[in-house]
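Coordinate inspection notes
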Amino acid sequence: MQIQEASITRLIERIGEHYRSNISNRFIRPALLQLPFDNQSWDLMEDLTEKVPTQALHLDELYREIMAAAHFVALVRRDLVPGLRNRIGRNDPSAPDKVLRDMAVNNFASNLQVFADLVNELFVKLVDVDKANAKGHMPVHAQMPDLANVGRLLVG
């Protein structure tokens, strides 16, 4: 099923902008790439965060991308957030970008929470649309058992 709601498209754009600016920026990306996150999941994350507004949005694809994002958030919270300062702080402290790097590190946990909240908001909106369009059939999200954990992974 294709999704054509403007509010969902705008939310996906916000997710992508926030991810690129605050999660996968030039200071944090090297640490993210060291995480044990499989290539298929990285591809799904890229699909979610790099969508072009004119692309057709398919419900089942969006659900898979949301599931990958939820696993990403849980993994980052567990494996990266506690030691991020040590991983990133090894650079030259007198580097010209020190202030920007420190801001990225200091705000990372909050920015990750904003990302998780945006992804959760997208999930809730999609489930609502899915239920409304089911019309006597089983909604798509009910056919994907992995989605049962999305809320727990995003909320932490």
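Structure first, text after, so check above.
One structure accompanies this document, and this report is about it. (Residues numbered from 1 in each chain as written. Predicted model: local features only at pLDDT ≥ 70, side-chain atom pairs only at ≥ 80, totals over all residues. Heavy atoms only, no water.)

Of the volumes computed, that of the largest pocket is approximately 190 Å³. Lining the largest pocket, in full, are Tyr19, Arg20, Ser24, Arg29, Leu32, Leu33, Trp42, Asp43, Met45, Glu46, Thr49 and Glu50. Elements supplying a minimum of two residues to the lining of the largest pocket: helix H1 (6-23), helix H2 (29-32) and helix H3 (39-49). Per element, the largest residue contribution to the lining of the largest pocket is five residues, and it comes from H3. Residue composition of the lining of the largest pocket, by class: five nonpolar, two polar and five charged. Elements that contribute at least two residues to the lining of the second largest pocket include exactly H3 and helix H4 (59-79). Element by element, the count of residues in the lining of the second largest pocket is highest for H4, at five residues. For the lining of the second largest pocket, the class distribution of residues is six nonpolar, three polar and three charged. (1 Å grid on protein atoms, 1.4 Å probe; cavity = no way out; pocket = protein on both sides within 12 Å on 5 of 7 lines; lining within 4 Å. Points joined across faces, edges and corners; volume = space filled by probe spheres on them. Helix = DSSP H or I, 4+ residues; strand = E, 2+ residues; numbered from the N terminus. Nonpolar A, V, L, I, M, F, W, Y, C, P; charged D, E, K, R; others polar.)

In this section: a nonpolar patch on the surface. Taken together, the side chains of Val99, Leu100 and Met103 define a hydrophobic patch exposed on the protein surface, amounting to about 290 Å² of accessible area. Examined against the element boundaries, Val99 turns out to sit in helix H6 (residues 98-106). Of the residues examined, Val99 reaches a relative accessible area of 58% and is grouped as exposed. (Patch = residues over 30% accessible without salt bridge, like charges linked within 9 Å, V, L, I, M, F, W, Y side chains within 5 Å. Areas by Shrake-Rupley, 256 points an atom, 1.4 Å probe, with all protein chains shown as cover. Salt bridge = Lys/Arg side-chain N within 4 Å of Asp/Glu carboxyl O. Buried < 20%, exposed > 50% of the residue type's maximum accessible area, 1.4 Å probe, protein only.)

Further remarks concern H3. Within H3 the residues assigned to the buried category are Ser41, Trp42, Leu44, Met45, Leu48 and Thr49. The arc enclosing the buried residues of H3, seen along the axis, measures out at 160°, which places them on a common side. Across H3 from its buried face, at more than 90 degrees, point the exposed residues Asn39, Gln40 and Glu46. As for H3, its buried residues are in contact with H1, H2, H4 and helix H7 (108-134). The N-cap of H3, judged by a side-chain oxygen 3.2 Å from the amide nitrogen of Gln40 a few residues on, is Asp38. (Arc of directions from axis to C-beta. Contact = heavy atoms within 4.5 Å. Polar contact = N/O pair within 3.5 Å; in protein donor to acceptor, adjacent residues only side chain to side chain.)

Here the focus is the pattern of salt bridges. The final tally for this structure, using the stated rule, is seven salt bridges. Taking the shortest distance from any N to any O, the salt bridge between Arg78 and Asp79 comes out at 2.7 Å. Arg78 gets classed as exposed once you look at its relative accessible area, which sits at 57%. By relative accessible area, which is 26% here, Asp79 ends up partly exposed. One continuous salt-bridge network, built from bridges that share partners, spans Lys98, Arg101 and Asp102.

For the structure shown, the criterion picks out seven aromatic pairs. Where Tyr19 meets Phe72, the ring centres are 6.0 Å apart and the plane angle is 65°; that geometry is what we call edge-to-face. Placement of Tyr19 in helix H1 and of Phe72 in helix H4 is noted, with a sequence separation of 53 residues between them. Taken individually, Tyr19 and Phe72 each receive the classification buried, so the pair is uniform in this respect. Among the aromatic residues, ring-to-ring pairing joins Tyr19, Phe37, Trp42, Phe72 and Phe115 into one connected group. (Phe/Tyr/Trp six-rings, centres within 6.5 Å; stacked < 30°, edge-to-face > 60°.)

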